[in-house]
Amino acid sequence: MRAETQNSIDAVRKSLELLAQRMDYETAPHRLEEFNARVEDPNLWDNPDAAQKLMRERQMLVDALDGYESIKTELQDNIDLIELGEMEGDAEVVSEVEEALKALEAKAAEKELEALLDGEADGNDTFLEINSGAGGTESCDWASMLARMYVRWAEKKGYKVELQSETAGEEAGIKSAAFKISGHNAYGWLKSESGVHRLVRISPFDSAAKRHTSFSSVWVYPVVDDNIEIEVNPADIRIDTYRSSGAGGQHVNTTDSAVRITHNPTGIVVTSSEKSQHQNRDIAMKALKSRLYQMELDKRNAAINEAHENKGDAGWGNQIRSYVLQPYQMVKDLRTNHETSDTKGVLDGDLDAFMAATLALDVSGKSRADAQAED
């Protein structure tokens, strides 16, 4: 067996060890039996919120077990096949299995990263806010490009995307937009995207075809589970209603019942512009609680806290990632130094490699400065 092939086998086995450790494999079957017994309780859905939480936790355990067993079985099947192929001198079978093992190594590595999403709110749905920064019309257009990028990424993941609010730019694009993205580990993956994103390109709005630099900020907050208590003093908030209109297209909406909630102690402002004022209040309050919960998480999570402490303005010195379309093609994350020349793929939502690199960096315990110093 070639050394490269053995390395792939060893890598998959290491991933399996981590997966088993993360889910506590020895007790997992017993916990699943307990979940199944509770699911059969006829009174389970008397409390829909608790029932949904239970079903999500059960499904997470089922997915973890299925993923582990699938990789374990596939690894053993490939080992048996390659040993048989080598014994019979069948080079074609050996070559096919070597390719299959490389693919399995990548699959196991992805599952390993997902297993590292074990933060307090990593499994939750998430709110994602995009705001244009320095650069006027250019930044508004860049903000709309970012919105499209994240919607494409979420759709590829099979996540549900709901537009919560949107403010159109004066000439093009958007000044701001807020989305709710629902799906397993939505917050865990997207939390690494919080920060300022910088675009360099030939401006489509400049008749002289000059190169422009634009900035927009992205901020991500977990949707707070109903079982997590977040106290909001009514005296600390101001609720305003106003008329809001969308930018057109599939997201167009016009309503007299849009709601804006301002949290005076922190200065947090959240909005919602669905058709129902009651629904808007509910959505906005959930968004506010999520923002407050995020602030609490920041105090306990050094990696996220660093990003928020350095939030600043959407401009020079605060960016986490650069997207250069001219004079060359390059997207580079300034925290991990991960980069790619496939700018089109990234802007079409191919973000997993950037998120995985940041997640691995956070788990390693290295700071942004340390990582850059090692480069």
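Structural data are supplied above this passage.
About the criteria used
Once a new chain begins, its residue numbering starts again from 1 and follows that chain's sequence as written. Local features in this predicted model are restricted to residues of pLDDT 70 or higher, and side-chain atom pairs are both shown and tallied only at a pLDDT of 80 or more, whereas totals for entire chains, interfaces and linings draw on every residue. Neither water nor hydrogens contribute to the side-chain values; these are computed over all heavy atoms in the structure. For this analysis, a ring pair means two rings from Phe, Tyr or Trp (six-membered ring only for Trp) whose centres lie within 6.5 Å, classed as stacked if their planes differ by under 30 degrees, edge-to-face if by over 60, and tilted for the remaining angles. Helix and strand labels come from DSSP, where a helix needs a run of H or I of at least four residues and a strand needs a run of E of at least two; each type is numbered from the N terminus. Type-normalised accessible area, obtained with a 1.4 Å probe on protein chains alone, sets the label of each residue: buried when under 20%, exposed when over 50%, and partly exposed for intermediate values. Pairing between two strands requires that DSSP report at least two bridges joining them. We call two residues in contact whenever any of their non-hydrogen atoms come within 4.5 Å of each other. Helix axes are fitted only over the stretch in contact, all axes being lines through C-alpha atoms; the angle between N-to-C directions runs from 0 to 180 degrees.

Below, the discussion takes up the packing of aromatic side chains. Inspection of every chain in the model, using the stated rule, returns three aromatic pairs. Seen from their ring centres, Tyr25 and Tyr68 are 4.6 Å apart, and the 40° between their planes marks the pair as tilted. With a gap of 43 residues between them, Tyr25 in the loop between helix H1 (3-23) and helix H2 (28-39) and Tyr68 in helix H3 (residues 48-88) connect regions that are remote in the sequence. Residue Tyr25 is classed as partly exposed on the basis of its relative accessible area of 23%. Ring geometry for Trp153 against Tyr159: centres 5.6 Å apart, planes inclined by 70°, an arrangement best described as edge-to-face. Each member of the pair Trp153 and Tyr159 is classed as buried.

Attention shifts here to the sheet that holds strand S9 (residues 319-324). Judged by pairing direction, the sheet is mixed, and its eight strands sit side by side in the order S2-S3-S1-S5-S4-S9-S10-S11 without closing on themselves. Each edge of the sheet is formed by a strand with only one pairing partner; in this case those strands are strand S2 (160-168) and strand S11 (339-340). Across two bridges, strand S10 (residues 330-333) lies against S11 in antiparallel orientation. Opposite Val331, over in S11, you have Thr340 as the bridge partner. Across the sheet, helix H5 (residues 137-157) is in contact with strand S1 (126-132), S2, strand S3 (174-182), strand S4 (195-202), strand S5 (211-222) and S9; its angle to S5 comes to roughly 45°.

A separate point is the environment of Leu84. Topologically, Leu84 is positioned in helix H3. Judged by relative accessible area, which is 41%, Leu84 ranks as partly exposed.

As a further point, take the environment of Arg152. Take Arg152: it is sitting in helix H5. Spatially, the C-alpha atoms of Arg152 and Asp350 are 8.4 Å apart, while their sequence positions differ by 198 residues. The contacts of Arg152, once residues within four sequence positions are left out, are Asp348 and Gly349.

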